[in-house]
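Here are the chains, one letter per residue:
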Amino acid sequence: MAEHGEKPQYQRIDLDAKGAGTVATAFSNQVAYCTAADAPITARVVAAVGDLLDDQTPGVLLDRIRGWEGAPLADALPLRIAGGLHALFLSGDAPALGAIYRGKNADDAAIVRQVIAAHEDRLLPSLDGPPQTNEAGRSSSFIAAVLWLAEQGLPARFQCLEIGSSAGINLMIDRYAYDLGGVKAGPSDPVMAFAPDWQGNPPPDHPIAITSLKGCDVAPVDLTDPAQALRLKGYIWPEHGVRFERMDAAIGAARAKAPDLVRMNAADFIETELARPQEPGTTRMLMHSIVWQYVPKDQQARVTKAMDAAGAAATADRPLAWVALEANRDTHRHELVVRYWPGGAGGQLLAEAHPHGAWIKWMA
């Protein structure tokens, strides 16, 4: 692993690679990714676990990570254990981690070794599922895409469908306000407001309306349940304090009116929703952010096939759009890509964006 303060480098590896060496590579790449995303504390935690893996520190938890049977990069294995450690700290039961989370100089590996040894049973479940990082800041990219689609002549009334909705935070984007390079959108009394650092020309300034929002997740999180909310907060990178404020605002919004979120896998959900009648004069839009890598390959194929089939039947009065904010594993950047039918099935790169919405580089 890279020493603290040393700039780590990405190693080229297939996202779905498994077997010897892939766990170590996943951890070193995650350190590089966190460093590039202004998350040095999370990078320290991931690096510390990586050091324990390297020096053969014994234990059930570490042995399970070393012998990971899946693809550690696609499974976001480093962030699973980082989230578990952060949630443990937030619960107040692992104060020793405070030296790392407060950014003090410390023997990170020794601290993490001590905490894992003391709380192994509580940390093991953190490996059972992918991180739940449905960040409200990503909604700015979705709204920018909606503005662009309206400018292309699609009906400006949007019926939104989201896969991998986690706790449904981005199923409440109609309750947020936005300042996107000077272009304003959203209600006058928003639950929260976003003004990402905007680079490039502003998006189109076009009236829009979101008529409905519905999403799915294989393991949806109930924001109104304190235990589940704590788990979700564990996945927030501690450097980004504003994200805790956003989470608390989202919790309040969910208590006022729960997002429309169902327990279902992505393929079943999209096939079901696309089969429903579409109101004339509305744009049906699939959206997702930092989730595609967690969708099994067979489900990715089914979603793509369903969207292509529905797109072939789309009309100017009942168009279809697909908005994806996902990581480009070659460039290690997050790209906002849009396809729409009829007329834009080939896809358009609209922007690059910070993974948590801090900035957007508009390229359309």
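Position labels on residues start from 1 in each chain and follow its written sequence. Predicted model: local features are reported for residues with pLDDT of at least 70 only, side-chain atom pairs are reported and counted for 80 or more only, and whole-chain, interface and lining totals are derived from all residues. For the side-chain quantities, the full set of heavy atoms in the structure was used; hydrogens and water were omitted.

## Some words on the nonpolar core
Filter applied, for reference: Throughout this description, the term nonpolar core refers to a set of buried Ala, Val, Leu, Ile, Met, Phe, Trp, Tyr and Cys residues connected via side-chain atoms within 4.5 Å. The buried label applies to any residue whose accessible area, calculated with a 1.4 Å probe on protein chains only, is under 20% of its type's maximum; exposed applies above 50%, and partly exposed to all values in between. Contact definition: two residues touch when any of their heavy atoms are within 4.5 Å.
Grouped together as the largest cluster of nonpolar side chains are 52 residues, with contacts concentrated most on Leu-149, Ile-169, Ile-173, Tyr-176, Leu-223, Met-285 and Val-323. Look past the residues within four positions of Ile-173 in its chain and what remains in contact with it is Ser-139, Phe-142, Ile-143, Tyr-178, Ile-210, Leu-213 and Met-287. The next biggest cluster of nonpolar side chains, apart from the first, holds 41 residues, and it includes Ala-37, Leu-85, Leu-97 and Ile-111.

## What about helix H11 (residues 297–312)?
What counts here: Runs of E in the DSSP output that reach at least two residues are strands. Runs of H or I that reach at least four are helices, and both are numbered from the N terminus. How far a helix is expected to stretch is found by multiplying one less than its residue total by 1.5 Å. Relevant arc is that of directions from the helix axis to the C-beta atoms, nothing else.
Relative to the 22 Å expected for 16 residues at 1.5 Å per residue, H11 spans 23 Å between its end C-alpha atoms, a close match to the ideal helical length. Among all positions of H11, only Gln-299, Gln-300, Val-303, Ala-306, Met-307 and Gly-311 are buried. Projected down its long axis, H11 carries its buried residues within an arc of 135 degrees, all on one side. Along H11, the residues that are exposed and aim more than 90 degrees away from the buried face are Lys-297, Asp-298, Lys-305 and Ala-312. Where H11 is buried, its residues contact helix H10 (266–274), strand E8 (283–289), strand E9 (320–328) and strand E10 (333–341).

## Digging into the packing of helix H2 (residues 40–54) against helix H6 (residues 108–123)
Our working definition: Axis lines are fitted through C-alpha atoms, for helices just across the contact stretch, and the angle between N-to-C directions can take any value from 0 to 180 degrees. In these notes the angle categories are as follows: under 35 degrees is roughly parallel, over 145 is roughly antiparallel, 65 to 115 is roughly perpendicular, and the rest is oblique. Residue classes follow a fixed rule: Ala, Val, Leu, Ile, Met, Phe, Trp, Tyr, Cys and Pro count as nonpolar, while Asp, Glu, Lys and Arg count as charged, and any other residue, Gly among them, counts as polar.
Where H2 meets H6, the closest approach of the two axes is 8 Å, and the angle between their N-to-C directions is 75 degrees. Considered as vectors, H2 and H6 are oriented roughly perpendicular to each other. Contacts between H2 and H6 pair Arg-44, Ala-48, Val-49, Asp-51 and Leu-52 from the former with Asp-108, Ala-109, Val-112, Arg-113 and Ile-116 from the latter. Looking at the contact of H2 with H6 residue by residue, the classes come out as six nonpolar, no polar and four charged.

## Points about the sheet that holds strand E2 (residues 177–180)
What counts, and what does not: By the convention used here, strands pair only if DSSP detects at least 2 bridges between them.
Ordered in space as E3-E2-E4, the three strands form an open sheet in which the pairing is mixed. Both edges of this open sheet fall to strand E3 (183–185) and strand E4 (193–194), since each of them pairs with a single strand only. Along the sheet, helix H7 (residues 139–151) contacts E2, E3 and E4; its crossing angle with E2, the most-contacted strand, is approximately 70 degrees.

## Regarding the packing of aromatic side chains
To keep things clear, this is the line we draw: Only the six-membered ring of Trp is used, alongside the rings of Phe and Tyr, when aromatic pairs are assigned; centres must lie within 6.5 Å, and planes under 30 degrees apart are stacked while those over 60 apart are edge-to-face, with the rest tilted.
All chains considered together, the criterion is met by seven aromatic pairs. Here the aromatic rings of Phe-89 and Tyr-101 are separated by 4.8 Å at their centres, their planes lie at 35 degrees, and the arrangement is tilted. Highlighted residues: Phe-89 in helix H4 (residues 77–90) and Tyr-101 in helix H5 (residues 98–101), separated in sequence by twelve residues.

## Brief notes about the side chain of Ser-28
Test applied: The term polar contact refers here to a pair of N or O atoms within 3.5 Å; inside protein, the definition further demands a hydrogen-donor-capable atom paired with an acceptor-capable atom, and it admits residues adjacent in sequence only when both atoms are side-chain atoms.
Residue placement: Ser-28 occurs in helix H1 (residues 22–36). A polar side-chain atom of Ser-28 sits 3.0 Å from the main-chain carbonyl oxygen of Thr-25.

## Details of unusual backbone geometry
Both trends apply: most residues other than glycine have a negative phi, and most peptide bonds are in trans. Along the chain, Trp-341 connects to Pro-342 via a cis peptide bond; the corresponding omega equals -5 degrees. Inspection of the secondary structure assignment puts Pro-342 in the loop between E10 and strand E11 (344–353). Phi is positive for Gln-56, which is not a glycine, with a value near 65 degrees. As for its placement among the helices and strands, Gln-56 is situated in the loop between H2 and helix H3 (60–66). Judged by its relative accessible area of 55%, Gln-56 is exposed. In this model, Ser-166 sits at a positive phi of 60 degrees, which is unusual for a non-glycine residue. Topologically, Ser-166 is positioned in the loop between strand E1 (157–162) and E2.

## Overview of the packing of H1 against H4
In a pair of packed helices, the angle between the axes and the distance between the axes together describe the arrangement. Between H1 and H4, the shortest axis-to-axis distance is 8 Å and the interhelical angle comes to 65 degrees. Accordingly, the angle class assigned to the pair H1 and H4 is roughly perpendicular. Contacts from Val-23, Ala-26, Phe-27 and Gln-30 of H1 reach H4 at Leu-77, Pro-78, Leu-79 and Ile-81. In terms of residue class, the contact of H1 with H4 is built from seven nonpolar, one polar and no charged.

## Remarks on the environment of Asp-217
With respect to the helices and strands, the residue Asp-217 is situated in strand E6 (residues 209–217). Taking the C-alpha atoms as reference points, Asp-217 and Glu-162, separated by 55 residues in sequence, lie 8.9 Å from one another. Sequence-distant contacts of Asp-217, that is, excluding residues within four places in its chain, are made with Gln-132, Gly-164, Ser-165, Ser-166, Leu-261, Val-262, Arg-263 and Met-264. Of note is the side chain of Asp-217, whose polar atom sits 2.8 Å from the backbone nitrogen of Ala-219.

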